[in-house]
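# Tertiary structure, described
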Amino acid sequence: MTTVAGLNVSRETSERIDALKRLVSKWNPHINLIARGDIPKIDDRHIANSAELARFLPASGCRYVDLGSGGGFPGLVVAILRADRNAMTDVHLIESDARKCAFLATAAREIGLKLTVHNARIEDVPPLHADFLSARALAPLSTLLSYALRHGAAQAVSLFLKGRAVAEEVVQARADWSFNVEIFPLAAHLGGNVVRVTDVRRRCA
């Protein structure tokens with residue numbers, strides 16, 4: 001066993017994480033999956049943050065949707081960790097950029113993950129009825145809540161990775177939305193947070 005972001009994982013999973021890092025490094029000069037300067041810091045800046053979301057998912061049996069998947073953070077990392085635990089997770093990645101979708105599909109195939117990549121705008125994908133949703137560096141919280149309402153099941157849990165301004169975003173979002181929220185600081189990123197949102201409802205005008 002080895003450790004990824006504080007989680008004990010198998011050697012196979014560690015090798016899958018390493019394969020993902022190699023693929024990101026290979027593709028990044030061509031389609032800008034992450035900031036060029038982040039390549040040397042990919043473990044702390046991207047892998048560890050993404051891995052922390054896996055702690056919030058149940059032991060098995062759920063549908064997980066990553067919104068605006070981009071370079072696969074957090075979606076591909078969560079999918080790898082779920083596969084490590086044979087967690088029977090139905091994984092969907094939504095990304096509007098065709099080149100990034102090509103990367104996501106290639107990475108999933110080469111790493112050995114079973115998942116679905118949707119090459120479309122989030123608002124154009126038919127509702128996916130997810131049990132858990134995630135997003136990272138995608139949009140203000142208010143916009144993310146509209147996506148969660150579209151693609152979440154009745155008791156869906158949304159897990160959004162946010163920075164230091166999260167409290168301000170929560171205040172702004174409450175003007176249009178009713179929701180329950182918990183904020184958990186990221187262990188791997190000073191100032192970063194996991195925003196856990198449930199019971200999302202649009203306020204009446």
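See above for the structure.
As a starting point, this report considers the structure included with it. (Residues numbered from 1 in each chain as written. Predicted model: local features only at pLDDT ≥ 70, side-chain atom pairs only at ≥ 80, totals over all residues. Heavy atoms only, no water.)

### Overview of the overall build of the protein chain
Across its full length, the protein chain holds six helices and nine strands. Whereas a compact globule of 205 residues would reach a radius of gyration of roughly 17 Å, the protein chain reaches 16 Å, a difference of no more than 12%. The buried share of the protein chain, taken over its 205 residues, is 52%. In the protein chain, the share of contacts with a sequence separation of at least 24, taken over all contacts with a separation of at least 6, comes to 69%. (Helix = DSSP H or I, 4+ residues; strand = E, 2+ residues; numbered from the N terminus. Rg over C-alpha atoms; globule rule 2.2 N^0.38 Å. Buried < 20%, exposed > 50% of the residue type's maximum accessible area, 1.4 Å probe, protein only. Contact = heavy atoms within 4.5 Å.)

### Digging into the sheet that holds strand β9 (residues 193-202)
If you trace the seven strands from one edge of the open sheet to the other, you get β5-β4-β3-β6-β7-β9-β8, paired in mixed fashion. The two strands at the open ends of the sheet, each matched to only one other strand, are β5 (116-119) and β8 (177-185). With strand direction ignored, the average angle separating the axes of adjacent strands in the sheet is 20°. Its contacts with the sheet place helix α5 (residues 141-151) against β3 (62-67), β4 (89-95), β6 (130-136), β7 (152-162), β8 and β9, and it is angled at close to 150° to β7. Strand contacts of helix α6 (residues 166-173): β7, β8 and β9, with the helix running at about 170° to β8, the strand carrying the most contacts. (Pairing = 2+ DSSP bridges. Axes fitted to C-alpha atoms, helices over the stretch in contact; angles between N-to-C directions.)

### Section: the pattern of salt bridges
As enumerated under the stated definition, the model contains eleven salt bridges in all. Asp-43 is the partner of Lys-21 in a salt bridge, and the nearest nitrogen-oxygen pair spans 2.8 Å. One end of the pair, Lys-21, is in helix α1 (residues 11-31); the other, Asp-43, is in helix α2 (residues 42-53), with 22 residues separating them in the sequence. Assessed through its relative accessible area of 18%, Lys-21 is described here as buried. Overall, the relative accessible area of 38% leaves Asp-43 in the partly exposed class. Notably, a salt bridge pairs Asp-199 with Arg-201, separated by 3.2 Å at the nearest N-O pair. Taken together, the shared-partner salt bridges in this structure form one network comprising Asp-18, Lys-21 and Asp-43. (Salt bridge = Lys/Arg side-chain N within 4 Å of Asp/Glu carboxyl O.)

So far we have only geometry, and geometry alone does not tell us how the molecule works.
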